[in-house]
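# Architecture and fold: a report
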Amino acid sequence: MTSVPFVKSADQAEIYYEAHGSGEPLVLLSGQANTHHWWDRVRADFEAEHQVIVLDYLGTGESDKPADAEYSVRRFATDVISVLDELGIARAHVYGTSMGGKVAQWLAIDYPDRVGALALGCTSVGGVHGLKAAPEITRALAQPSVEAAREALIDLMYSPEWVREHPGPYGTLGGQMPSHARRAHLRASNGHDSWAVLDQVTAPTLVLHGTDDRFSPVDNAVILANRIPGAEVHYLEGARHAYFEEQREEASGAVLDFLAAHPID
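Here is a short report on the structure shown in this document. As the structure is a computational prediction, the values presented were derived from the model and not from experiment.

Rules used throughout
- Residues numbered from 1 in each chain as written.
- Predicted model: local features only at pLDDT ≥ 70, side-chain atom pairs only at ≥ 80, totals over all residues.
- Heavy atoms only, no water.
- Helix = DSSP H or I, 4+ residues; strand = E, 2+ residues; numbered from the N terminus.
- Buried < 20%, exposed > 50% of the residue type's maximum accessible area, 1.4 Å probe, protein only.
- Polar contact = N/O pair within 3.5 Å; in protein donor to acceptor, adjacent residues only side chain to side chain.
- Expected span 1.5 Å × (residues − 1).
- Patch = residues over 30% accessible without salt bridge, like charges linked within 9 Å, V, L, I, M, F, W, Y side chains within 5 Å.
- Areas by Shrake-Rupley, 256 points an atom, 1.4 Å probe, with all protein chains shown as cover.
- Salt bridge = Lys/Arg side-chain N within 4 Å of Asp/Glu carboxyl O.
- Lys, Arg positive; Asp, Glu negative; His and termini not counted.
- Charge placed at Lys NZ, Arg CZ, Asp CG, Glu CD.
- Phe/Tyr/Trp six-rings, centres within 6.5 Å; stacked < 30°, edge-to-face > 60°.
- Lys NZ or Arg CZ within 6 Å of the ring centre and 35° of its normal.

### Observations concerning the environment of E18
Inspection of the secondary structure puts E18 in strand β2 (residues 14–20). We classify E18 as buried; its relative accessible area is 8%. E18 sits 142 residues away from P160 along the chain, and the two C-alpha atoms are 32 Å apart. One polar contact links E18 to H20, side chain to side chain, over a distance of 2.7 Å.

In structure tokens:
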């Protein structure tokens, strides 16, 4: 690890980040209400060839958790730029999954000169064009029993076979955070809608999605790719939302190959 500091965001909130490895910089962006530990199982796959940057979004982990701040995926993208500025990085590859893929879209839209290649996993364009989880899934995650809701989330993330062989803990289930921040993250992710401007993305783009993803239905991949000029799609057969863990070798390999094919100028 090369650094473990905080950076001040535009509104002076402290954002925690880490940088690991060496090579062309690569930002890894986690899902909603999750910390940088989302990437713990797979981060090492990228460190041999890249300087890997991870962070805790506002409201999560070691970052500040103000009740009166702006929480939006577009704001989270601005916080990523603050981290890159602090590290003196002019341009980085970006790989975002789930809500992190929404943040990554805004990085590519709002800061095109700062993004090398773009990888978007298990994510959506949002708005009326994005496909959402079925109502019964939303109800299962909102049920009063914390343990039952956790089991429902695990089932959305991983196949039963994988869970039997990998009993946890799972870094993708979210961490402790204040209720106001958790609600704000939900609003931020639900408020994402990039449809109208995705055709402005100039970064080479790879879209990845598990074919058995019920949290973010798989057809989101082709909807997203059809809006981004030249985007490629890679499906992970049989994988659920956390495809990047369950099919780690294929998923990480696909991203690494794509980044190698599109080096930063």
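That was the structure; now back to the text.
### Regarding helix α2 (residues 73–87)
Spacing of three or four residues puts side chains on the same side of an α-helix, whose turn is 3.6 residues. Between the first and last C-alpha of α2 there are 21 Å, a value that for 15 residues agrees with the 21 Å anticipated at 1.5 Å per step. Among the residues of α2, V73, R75, F76, A77, D79, V80, I81, S82, V83 and L84 are the ones counted as buried. Immediately downstream of α2, the backbone of G88 shows phi near 70 degrees, a positive value.

### Topic: a negative patch on the surface
A contiguous patch of negative charge on the surface is contributed by D212, E237, E249 and E250. Within the secondary structure, E249 is located in helix α10 (residues 248–261).

### Observations regarding unusual backbone geometry
Residue P169 is bonded to the preceding G168 through a cis peptide linkage, with omega at 5 degrees. Tracing the backbone through its elements, the reader meets P169 in the loop between α6 (160–165) and α7 (179–190). One non-glycine residue with positive phi stands out, namely Q12, at about 75 degrees. Along the chain, Q12 falls in the loop between β1 (6–8) and β2. Although it is not a glycine, A33 sits at a positive phi angle of roughly 60 degrees. Structurally, A33 is set in the loop between β3 (24–29) and α1 (44–47).

### Regarding the pattern of salt bridges
Per the counting criterion, the structure on display carries 12 salt bridges. Notably, a salt bridge pairs E47 with R43, separated by 2.5 Å at the nearest N-O pair. Under the relative-accessibility criterion, R43 is labelled buried at 18%. One salt bridge in this structure joins E151 and R150, with 3.6 Å as the shortest N-O distance. Salt bridges linked by common partners bring D11, R75 and D79 together as one network.

### Digging into the packing of aromatic side chains
For any two aromatic rings, the description comes down to two numbers: the centre-to-centre distance and the angle of the planes. For the structure on display, the rule yields 10 aromatic pairs. Ring geometry for W39 against Y95: centres 5.2 Å apart, planes inclined by 55 degrees, an arrangement best described as tilted. Of this pair, W39 sits in the loop between β3 and α1 while Y95 sits in strand β5 (residues 92–97), placing them 56 residues apart in sequence. Exposure remark for W39: the relative accessible area of 1% places this residue in the buried category. Its relative accessible area of 2% is what places Y95 among the buried residues. Between F46 and Y95, the ring centres sit 6.0 Å apart and the planes meet at 70 degrees, which makes this aromatic pair edge-to-face. In this pair, F46 is assigned in helix α1 and Y95 in strand β5, connecting sequence segments 49 residues apart. Neither F46 nor Y95 differs from the other in exposure class; each is buried. R227 extends its terminal NZ or CZ atom over the ring of W195, reaching a point 4.3 Å from the ring centre.

### Comments concerning a nonpolar patch on the surface
Taken together, the side chains of V222, V233 and Y235 present a nonpolar region at the surface, about 200 Å² in accessible area. Mapped onto the elements, Y235 comes out in strand β8 (residues 232–236). The class of Y235 is partly exposed, set by a relative accessible area of 35%.

That is the geometry; function is a separate question.
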